[in-house]
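Examining the three-dimensional arrangement
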Amino acid sequence: MINHGSLRLRLFILILTPLVLLAVLLGFWRFMVAQKTAQELFDDSLLSAGLAISRDVAISGGDALSPTTRSLIRDASGGEIFYHVTGPGGIYVTGYAYPPASANSSVQEAYKPQFFEAIYRDEPVRVLKMTERVTLENLVGDATVTVWQRMADRNAFANELSIRAGIVMGILLATLAVVVWFGVARGLRPLLDLQDAIDLRSPDDLSEIKRPVPDEVQGVVKTLNRLFGQVEHSINAHQVFISEAAHQLRNPAAAVQSMAEALRDAKTDDDREKRIHELVAAAKNSATVAEQLLSLERLRQPTHQDQMDEIDFRLVVEEASAEMGVHILAKGIEFDVTMPETAIMVSGDRVFLTEALKNLLDNAVKHGGTNLSRISVVLQRDECAVSVTVADDGAGLSPDQSEAAFSRFSQLDYSEGSGLGLSIVSAVAQRHGGSVSINQVEKGASIMLELPIAL
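This write-up is about the structure you can find in this document. (Residues numbered from 1 in each chain as written. Predicted model: local features only at pLDDT ≥ 70, side-chain atom pairs only at ≥ 80, totals over all residues. Heavy atoms only, no water.)

Spatially, the 5 strands line up as an open sheet ordered β7-β9-β10-β12-β11, and their pairing is mixed. This sheet does not close on itself; its edge strands, each paired only once, are β7 (334–338) and β11 (435–438). Sheet twist, expressed as the mean angle between neighbouring strand axes with direction ignored, is 10°. Relative to strand β10 (residues 385–392), strand β9 (residues 374–381) is paired through 7 bridges, and the arrangement is antiparallel. Note on β10: the bridge partner recorded for Val 377 is Val 390. Those strands touched by helix α8 (residues 350–367) are β7, β9, β10 and β12 (445–452), and its axis lies near 170° from that of β12. (Pairing = 2+ DSSP bridges. Helix = DSSP H or I, 4+ residues; strand = E, 2+ residues; numbered from the N terminus. Axes fitted to C-alpha atoms, helices over the stretch in contact; angles between N-to-C directions. Contact = heavy atoms within 4.5 Å.)

Here's what the structure looks like:
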């Protein structure tokens, strides 16, 4: 069974197939040339035999052929030669009584050798008929020598020569196949060595492959090294994320436990009521941190086209503003939203975009400070982009603080936040091909999320 997955076999077939086809074509051409050359040699042998017989008849007066001529007739290439000789006046001199006759009765030059094919005793034969001026005793005239060979003998002899040539060519092809097979194996040796080297690696070894390889394989090695680097970076990012997540969840979990113990040990109803409110707040904070961590992890996954829908970005802003507006107004903070009346279509994930806007508003509430009195949301669009700006009149945030503000688990000042809100906004912006930036304002903070418009 042919293993179509074997690179060695594929290369072997690709190399050997054109060579075999070429050998077949050359073999056919060589066979035809050999047949033609053999026939010419056989005709030359007939001519030589005819001349030798004519000479002996002239010398001996027709009585006998010399031993050399008899040997030539008997051992000629192409099979035994038969002959018939007539003297002046058509008198029978020697040889076989009845020679084959030519089916072509056209007149040719009198003394030019004539080759033709005929039937002799129900067998096809090749015939040479030649006429020469001779003197036999007292007679001077034309002597005709007719010699012929069986076509079957001639063809068998020519086929034997062709078979020998074919055997030689077959041996050469077999030798070439062996050389190509082992040559391909030797050429693929660096690939097999590379495979062995990779197999010997431990699952934790994602270092670059530095083994020297042929030029044709360097692209594969570079791709593998790039893939190893990406996998290592992803693993390291996961490890850092898990470590930071464990650290961030430890504090809310400890707070919940502490509030629960305080509730258990409460002495009065008022104290118990106070501890219950503190426990609920701590539980909500813990749930918020866990939810934000899960959102960050989901945002790290690659974006698929089927996750992107064309949505009206105004509806996203309305949904996030309506949900967060209740909490903002409950704190006595002025809240207003400004947006165009026409639809603004973007391509994105509605859940992530809504969460990003909620995080912008939550960030304004948590980091606005004690002087926070107003939060505004402004939605605008231009020819190719849409921007939503969340501004407040609180503690303030400047563009030179961007790196710290958008980093995970980073806080510029102590607050009840987790330090994940703006990093989630930044991840959502990158996922949607947009950007997030801090605007320079005289008072408070102004953060703008910009996204491309769906075309």
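Now that the structure has been shown, we can carry on.
Let's shift gears to the side chain of Thr 144. Here Thr 144 lies in strand β5 (residues 139–150). At 3.4 Å, the side chain of Thr 144 and the side chain of Thr 131 are in polar contact. With sequence-adjacent residues up to four places away left out, Thr 144 is seen in contact with His 84, Val 85, Thr 86, Lys 129, Met 130 and Thr 131. (Polar contact = N/O pair within 3.5 Å; in protein donor to acceptor, adjacent residues only side chain to side chain.)

Moving on, we get to a nonpolar patch on the surface. Side chains of Leu 14, Ile 15, Leu 19 and Leu 176 sit close together on the surface and give an oily, nonpolar patch of about 320 Å² of accessible area. It is helix α1 (residues 7–60) that contributes the most residues to the nonpolar patch, 3 residues altogether. If you trace the backbone, Leu 14 turns up in helix α1. Here Leu 14 falls in the exposed class, since its relative accessible area comes to 61%. (Patch = residues over 30% accessible without salt bridge, like charges linked within 9 Å, V, L, I, M, F, W, Y side chains within 5 Å. Areas by Shrake-Rupley, 256 points an atom, 1.4 Å probe, with all protein chains shown as cover. Salt bridge = Lys/Arg side-chain N within 4 Å of Asp/Glu carboxyl O. Buried < 20%, exposed > 50% of the residue type's maximum accessible area, 1.4 Å probe, protein only.)

Now for the pattern of salt bridges. Tallied over the full model, the rule gives 10 salt bridges. A salt bridge links Glu 117 to Arg 126, with the shortest nitrogen-to-oxygen separation between them at 3.9 Å. Where salt bridges share partners, they join Asp 43, Glu 117 and Arg 126 into one cluster.

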